[in-house]
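# A structural walkthrough
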Protein chains: 2
Amino acid sequence: MTAPGALALPVPASAVVIGTGLIGTSVALALRSAGARVWLADQDRDALGLAISLGAGDPLPETAPSAGRSAGPSAGPSAGPSAGPADVAVLAVPPVAVAGELRAAQSRGLARCYTDVASVKELPLAQARDLGCDLASYVPGHPLSGRERSGPAAARADLFTGRPWVICPQSANAPADVELIRCLATACGAQPVCVSAADHDQWVALVSHAPHVVAAAMAARLERAPASALALTGQGLRDVTRVAASGAGMWVQILAANAGPASAVLREVAADLSAAAEALTSLTAGDEQAAKELANLLERGSAGVGRIPGKHGGPTTGFSPVQVVIQDQPGELARLFQVAGAAGVNIEDVSIEHSPGLPVGVAELWVRPEAGATLAAALGAGGWPVSVRVAGSITS
Amino acid sequence: MTAPGALALPVPASAVVIGTGLIGTSVALALRSAGARVWLADQDRDALGLAISLGAGDPLPETAPSAGRSAGPSAGPSAGPSAGPADVAVLAVPPVAVAGELRAAQSRGLARCYTDVASVKELPLAQARDLGCDLASYVPGHPLSGRERSGPAAARADLFTGRPWVICPQSANAPADVELIRCLATACGAQPVCVSAADHDQWVALVSHAPHVVAAAMAARLERAPASALALTGQGLRDVTRVAASGAGMWVQILAANAGPASAVLREVAADLSAAAEALTSLTAGDEQAAKELANLLERGSAGVGRIPGKHGGPTTGFSPVQVVIQDQPGELARLFQVAGAAGVNIEDVSIEHSPGLPVGVAELWVRPEAGATLAAALGAGGWPVSVRVAGSITS
């Protein structure tokens, strides 16, 4: 259905983006940067206006004639929805709104191929089927962006850089349409990954949806805790709870749309925590088996963390931390990184330990193990107190 | 009981450290840096030898005569256990070993005042009482170090810099002894905080022990997850599970020693997660009340995170992030921080987003809100793609 010419294009030449929130506007910005012509639509006129003023695209004419999918490949960079369908329409709306927008867009013949960016995939597919949408031209997708903030003001053309972009090809999809969505993902700087909708939903429940609720359940304990208790907080609790800071509204929608897989993971976590609480109670009565059960949970946790891939696709434990005591003042980090750069050492990651109320901190620079000694020597010669460790963990 | 002269000392003039693991050796290094005379002891001769070679102190003579507490203030910087008791003995051994080591040290008259560094406080106190230790000269303590790695090789003189050091004064303690332990904490760079042993144990269960198990229970789900699922991992799951990477052995000991408070928190988290799983199941059946319950948990979580104090004692949300796209190459961060320093902007915190498999990343620089625009302008002029946001959260 997509013209052969489109296959050769590394970037869709034209796109309609329905929904100018964070993700939609970011997709639009990325496609514009890559040279595509982009039209925007949103029920919220303020959001649409802001996205347009950011340079994300032109407003989609509300009276655009339905050109139908037969308009074909004549729709090029200079063409638009008024001259024929765009190469692709991206439905950047909440999961429950995808199917309705898909049907509306298809009935207007806005594009030759349709995709979405919702963080669940089975629900929109089922609803699209129920609504009688054309499933052949709909290739579901989900860019896993590193951050989530609502609204076009938070959009960035590079939001998807280096992140996975899941595509869920359906049996009815033409290979060329799947390829077009792969090109869309690549044009946005993402890495396309083809996955079934069922697997996708299971996997994001595990790596995103359930962890969010787990963080919230831990953080909820802090709501009424004494301030003096919170003053003892180290990096450990900060990390465990950080994702729970974001707004509840969007997350209720996401969780509701992926209720089955998310609740399955949460039940397992709850069961392990109940068992751990029981084991602790038995431990005080001298139950050796309880100690083994608790140790087993902690060991499984440690093994699980070890399986999370690191920056370069390898384990995080492939890097070594070099610790440096730094003054909390302008220019201190510049001097530090200057010395590291001059020594030819590539810093893989950096974190600064919070030092409540004090004007000093500890910077932890993660480098390849073989570079640790070089960096430590260079920083030591520069006058910084420095320490190299084998890869360990922050526990506070 | 402590001589008046000792009160004026900002640093204990002499100390015995029993146990040369990470914490004991770090205390010893910090006290040496501050000018104190330090003697070291450990049942593990290798660990003791390593601590000595690191310059943490001199070996405590095993045949040191029992000088008794009456030896008094003549024990100065040039004196030692063989000439009379030290100002303080620090028992840097696991929680269950504190009471036994305390009794042994007191029977040898090693010091005029005793403290420990165990991460629970009620258990060692109860055991010291049971063993008939002198509770008047024992002032329990707990430095909340930001990292935990075992062994003297991981020790750092600055391990406690800016971190809270809990002291649990007992009714039998002389004020001068409590003051001496405050001086010890201050000499190590920490901020002494006086708390009851019961409160301490409740609080660390909340901010450290329970979060560790919660992270492990989430991370345990990853042990047998498909590698393709883990490839979708963003910063959110990394943060939630990070602390679970550390070894199980030490944590079983810590949790067992604080079983009551830790299990109480874990039961609450487990109950909330079970309820969330139930709510999700009800949600799919259209239960509006279930949506409210789930939203309530997420809102409580968000409120809880907001109560964690930030770097300068204020909320983390007091800072704004400036996002910059950076190349993954030597010198890139040096140039970035050079520009920030030249603009007179103080970077409060920095993190780099992992970009699996790609040679670019996004650095997030946290600055005071009023400095965000200045920094963004300076970096933009330097050629970096940059974005300022109001304080948000990483959710991936």
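No experiment lies behind these values; they were computed from the predicted model shown.

## Things to note about the overall build of chain A
In terms of regular secondary structure, chain A is built from 14 helices and twelve strands. Within chain A, contacts between residues separated by at least 24 positions form 70% of all contacts whose residues are at least 6 apart in sequence. Of the roughly 13,500 Å² of accessible surface on chain A, 55% is carried by carbon and sulfur atoms.

## Overview of helix α3 (residues 45–53) of chain A
Residue and element names in this part refer to chain A. Those residues of α3 lying buried are A47, L48 and A51. Burial along α3 is one-sided: seen end-on, the buried residues are contained in an arc of 100°. Exposed and oriented more than 90 degrees from the buried face of α3 are R45, D46 and S53. Residues of α3 that are buried sit in contact with α2 (22–33) and β2 (37–41).

## Topic: the sheet that holds strand β6 (residues 141–143) of chain A
All names here are of chain A. In space, the three strands of this open sheet follow the order β6-β7-β8, with mixed pairing throughout. The sheet is open, and its two borders are formed by β6 and β8 (191–194), each paired with just one other strand. Mean inter-strand twist for the sheet, computed between neighbouring axes without regard to direction, equals 20°. Bridge count between strand β7 (residues 164–167) and β8: four bridges; the pairing is parallel. For P164, the partnering residue across the bridge sits in β8 and is Q191. Those strands touched by helix α6 (residues 175–187) are β7 and β8, and its axis lies near 145° from that of β8.

## Describing the pattern of salt bridges
In total, this model carries 26 salt bridges over all chains according to the counting rule given. Residues R221(A) and D272(B) are paired through a salt bridge, measuring 2.9 Å at the closest nitrogen-oxygen approach. Of this pair, R221(A) sits in the loop between α7 (197–219) and α8 (227–230) while D272(B) sits in helix α11 (residues 259–283), which puts the two residues in different chains. The same class applies to R221(A) as to D272(B), namely buried. When salt bridges that share partners are traced, they join R221(A), E268(B), D272(B) and R300(B) into one network.

## Section: the interface of chain A and chain B
Taken together, the contact between chain A and chain B spans 138 residues of the former and 138 residues of the latter. Each partner contributes to the roughly 12,900 Å² buried at the junction of chain A and chain B, and carbon and sulfur atoms together form 64% of this total. Here chain A is connected to chain B by eight salt bridges. We note a salt bridge from R267(B) to E278(A), for which the minimum N-O separation is 2.8 Å. The tally of links from chain A across to chain B stands at 24 residue pairs in polar contact (both at pLDDT 80 or more). Residues belonging to the side of chain A that touches chain B are distributed by class as follows: 71 nonpolar, 41 polar and 26 charged.

## Here we look at the side chain of R163(B)
All names here are of chain B. By the secondary structure assignment, R163 is in the loop between β6 (141–143) and β7 (164–167). Residue classification places R163 among the buried positions, given a relative accessible area of 3%. A polar contact of 2.7 Å, which involves the side chain of R163, links it to the backbone oxygen of L144.

## Quick word on the packing of helix α11 (residues 259–283) of chain A against helix α7 (residues 197–219) of chain B
Angle between the axes and distance between the axes: these two values describe a pair of packed helices. With their axes 9 Å apart at the nearest point, α11(A) and α7(B) run at an angle of 135° to one another. Between α11(A) and α7(B), the crossing angle belongs to the class labelled oblique. Helix-helix and strand crossings are classified by hand; for α11(A) and α7(B) the assignment is right-handed. The residues of α7(B) that touch α11(A), namely those facing V265(A), V269(A), D272(A), L273(A) and A276(A), are V213(B), V214(B), A217(B) and M218(B).

## Structural notes on the packing of α7(A) against α7(B)
Packing of α7(A) against α7(B) brings their axes to within 11 Å, and their N-to-C directions diverge by 160°. When the axes of α7(A) and α7(B) are compared, the pair comes out roughly antiparallel. Taken as a pair, α7(A) and α7(B) cross one another with a handedness that is right-handed. Across from L206(A), A210(A), P211(A), V214(A) and M218(A) in α7(A), the residues of α7(B) making contact are L206(B), A210(B), P211(B), V214(B) and M218(B). For the contact of α7(A) with α7(B), the per-class residue count stands at ten nonpolar, no polar and no charged.

## Looking at the sheet that holds β7(B)
Residues and elements named next belong to chain B. Strand order across the open sheet formed by three strands is β6-β7-β8, with mixed pairing between neighbours. What marks the edges here is a single partner per strand, and that holds for β6 and β8 (191–194). Each neighbouring strand pair of the sheet contributes to a mean axis angle of 20°, computed without reference to strand direction. Contacting β7 and β8, helix α6 (residues 175–187) crosses the sheet at an angle of about 145° to β8.

## Regarding the pairing of strand β4 (residues 88–91) of chain B
Residues and elements named next belong to chain B. In β4, alternate side chains face the same way, and those of V88 and V90 on one face and A89 and L91 on the other are all buried. Two strands pair when backbone bridges link them, and strand β1 (residues 14–18) and β4 are joined in this way by four bridges, in the parallel orientation. Following the sheet pairing, V17 is matched in β4 by V90. Bridge count between β4 and strand β5 (residues 114–116): three bridges; the pairing is parallel. Looking at β5, one finds that V90 is bridged to T115.

## Observations concerning the environment of L40(B)
Residue and element names in this part refer to chain B. Within the secondary structure, L40 is located in strand β2 (residues 37–41). Along the primary structure L40 and T161 are separated by 121 residues, whereas in three dimensions their C-alpha atoms are 22 Å apart. Not counting the four nearest positions on each side in its chain, L40 is found in contact with V17, T20, A28, L48, A51, I52, A56, G57, D58, P59 and L60.

Cut-offs and rules
- In every chain, residue numbers begin from 1 and rise along the written sequence.
- To label them, take the chains in the order written and letter them from A, then take the ligands in the order written and number them from 1.
- Where totals are concerned, whole chains, interfaces and linings use all residues; where local detail is concerned, this predicted model gives features only for residues with pLDDT of at least 70, and gives and counts side-chain atom pairs only at 80 or more.
- Remark: hydrogens and water are excluded; side-chain values derive from all non-hydrogen atoms of the structure.
- Helix and strand assignments come from DSSP, with helices taken as H or I runs of at least 4 residues and strands as E runs of at least 2, each series counted from the N terminus.
- By definition in these notes, contact holds between two residues if any of their heavy atoms fall within 4.5 Å.
- Exposure was quantified through the Shrake-Rupley algorithm and a 1.4 Å probe, taking into account, for residues, occlusion by the shown protein chains and nothing else.
- Relative accessibility decides the category of a residue: with a 1.4 Å probe and only protein chains considered, values under 20% of the type maximum give buried, values over 50% give exposed, and everything between is partly exposed.
- The arc refers to the directions leading from the helix axis to the C-beta atoms.
- Should DSSP find at least two bridges between two strands, the strands are regarded as paired.
- Here the axes come from fitting lines to C-alpha atoms, over the contacting stretch only for helices, and the angles between their N-to-C directions go from 0 to 180 degrees.
- The salt bridge definition used is simple: a Lys or Arg side-chain nitrogen within 4 Å of an Asp or Glu carboxyl oxygen.
- A 1.4 Å probe defines the accessible area here, and the buried area is the portion of it lost by two parts on being joined, summed over both.
- Residues adjacent in sequence count toward polar contacts only when both atoms are side-chain atoms; beyond that, a polar contact is any pair of N or O atoms within 3.5 Å, and within protein one must be able to donate a hydrogen and the other to accept it.
- Think of it as three bins: nonpolar holds Ala, Val, Leu, Ile, Met, Phe, Trp, Tyr, Cys and Pro, charged holds Asp, Glu, Lys and Arg, and polar takes everything else, Gly as well.
- Roughly parallel here means an angle under 35 degrees, roughly antiparallel means over 145, roughly perpendicular means 65 to 115, and every remaining angle is called oblique.
- In this scheme, a crossing is called left-handed if the near helix is turned counterclockwise away from the far one by less than a right angle; it is called right-handed if the turn is clockwise.

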